[in-house]
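# Coordinates in review
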Amino acid sequence: MESAKDIERVLITESQIQSRVRELGETISDDYAGKELLLVGILKGAAIFLADLVRQITVPVSYDFVAVSSYGAGTRSSGVVRLLKDIDEGVESRHVIVVEDIVDTGWTLRLSYIGEKLRSRKAASVKVCALLDKPSRREIDVDIDYCGFQIDDNYVVGYGLDYNGKYRNLPFIGILKAEVYGGG
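Now for the nonpolar core. The biggest cluster of nonpolar side chains holds 30 residues, and the ones touching the most others in it are I28, F49, L53, I97, L132 and I173. Elements represented by at least two residues in this core include exactly α1 (14-31), β2 (37-43), α2 (47-54), β5 (95-103), β6 (125-133), β7 (146-150) and β9 (173-176).

Shown next as structure tokens:
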């Protein structure tokens, strides 16, 4: 893969990701036995994670997406969250799990459309499933009900996570070399 040359090191391997996604799917299936689920993925980063996760869930499940932005072209959250696309599915009386690629500052999940707005639309329940949790960067308190991996404060890409639209196709999660994004 041509973009793999920009990776300092692999943080989480493809097999580790697939194993953990399988475990998350089993846990979610157990927790929602006898119920129907709606997964709401946060675009674009969570799309790959959601696609793999939904195939591991054994209860009836449908999915939709929202698009939000708190980064722009930078590497740090701006703290200004913009809703770019709302969900199309109705949520009233439905059990909803918001699926996020990474929770760092917490601003994206704090957006009213993601948490409070879903509750105001009378969802039966709203929980959060994040592939990655970066608690050292947290600015807003966010409860993560289903967490794939907790990581340190490194700029990571792969498996849906990007830098300027690149690296999403990597099958692993890697630490991006600082010289690529001007960090360090």
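Applying the stated rule across the entire model yields 6 salt bridges. Put simply, D6 and K5 hold a salt bridge, and the shortest N to O gap is 3.7 Å. By relative accessible area, which is 17% here, D6 ends up buried. Note that K134 is salt-bridged to D153, the shortest N-O span being 3.8 Å. Here the residue K134 occupies a position in the loop between β6 and β7, and D153 occupies one in the loop between β7 and β8 (156-157), the gap between them amounting to 19 residues. Judged by its relative accessible area of 5%, K134 falls in the buried class. Taking the relative accessible area as the measure of exposure, D153 reaches 37% and is therefore partly exposed.

This next bit is on the pairing of β5. The element β5 is extensively covered by neighbouring structure, given that 9 of its 9 residues are classed as buried. As defined by bridge partners, β2 adjoins β5 across 5 bridges and the pair is classed as parallel. Bridge pairing in β5 links G41 to V99.

Let's shift gears to α1. Taking 1.5 Å as the rise per residue, α1 with 18 residues should run 26 Å; its terminal C-alpha atoms sit 26 Å apart, in good agreement. For α1, every residue scored as buried is listed here: I17, V21, L24, G25, I28 and S29. Looking down the long axis of α1, one finds its buried residues gathered within 130° of arc, a one-sided arrangement. Turned more than 90 degrees off the buried face of α1, the exposed positions are S15 and D30.

Right, let's talk about unusual backbone geometry for a bit. With omega at -5°, the peptide bond leading from L43 into K44 counts as cis. On the secondary structure map, K44 appears in the loop between β2 and α2. Positive phi outside glycine occurs at S93, with the angle close to 65°. By the element assignment, S93 lies in the loop between β4 (82-85) and β5. A positive phi angle, near 50°, is found at N164, a position not held by glycine. With respect to the helices, strands and loops of the structure, N164 is situated in the loop between β8 and β9. Exposure remark for N164: the relative accessible area of 48% places this residue in the partly exposed category.

A word on the packing of aromatic side chains. Counted according to the given criterion, the structure contains 4 aromatic pairs. For the ring pair Y63 and F65, a centre distance of 5.8 Å and an interplane angle of 75° mean the geometry is edge-to-face. Accessibility expressed as a relative area gives 18% for F65, which makes it buried. The structure contains a cluster of three or more aromatic residues connected by ring pairs, namely Y155, Y163 and Y181.

Cut-offs used in this document
- Residues numbered from 1 in each chain as written.
- Predicted model: local features only at pLDDT ≥ 70, side-chain atom pairs only at ≥ 80, totals over all residues.
- Heavy atoms only, no water.
- Core = buried A, V, L, I, M, F, W, Y, C linked by side-chain atoms within 4.5 Å.
- Buried < 20%, exposed > 50% of the residue type's maximum accessible area, 1.4 Å probe, protein only.
- Helix = DSSP H or I, 4+ residues; strand = E, 2+ residues; numbered from the N terminus.
- Salt bridge = Lys/Arg side-chain N within 4 Å of Asp/Glu carboxyl O.
- Pairing = 2+ DSSP bridges.
- Expected span 1.5 Å × (residues − 1).
- Arc of directions from axis to C-beta.
- Phe/Tyr/Trp six-rings, centres within 6.5 Å; stacked < 30°, edge-to-face > 60°.

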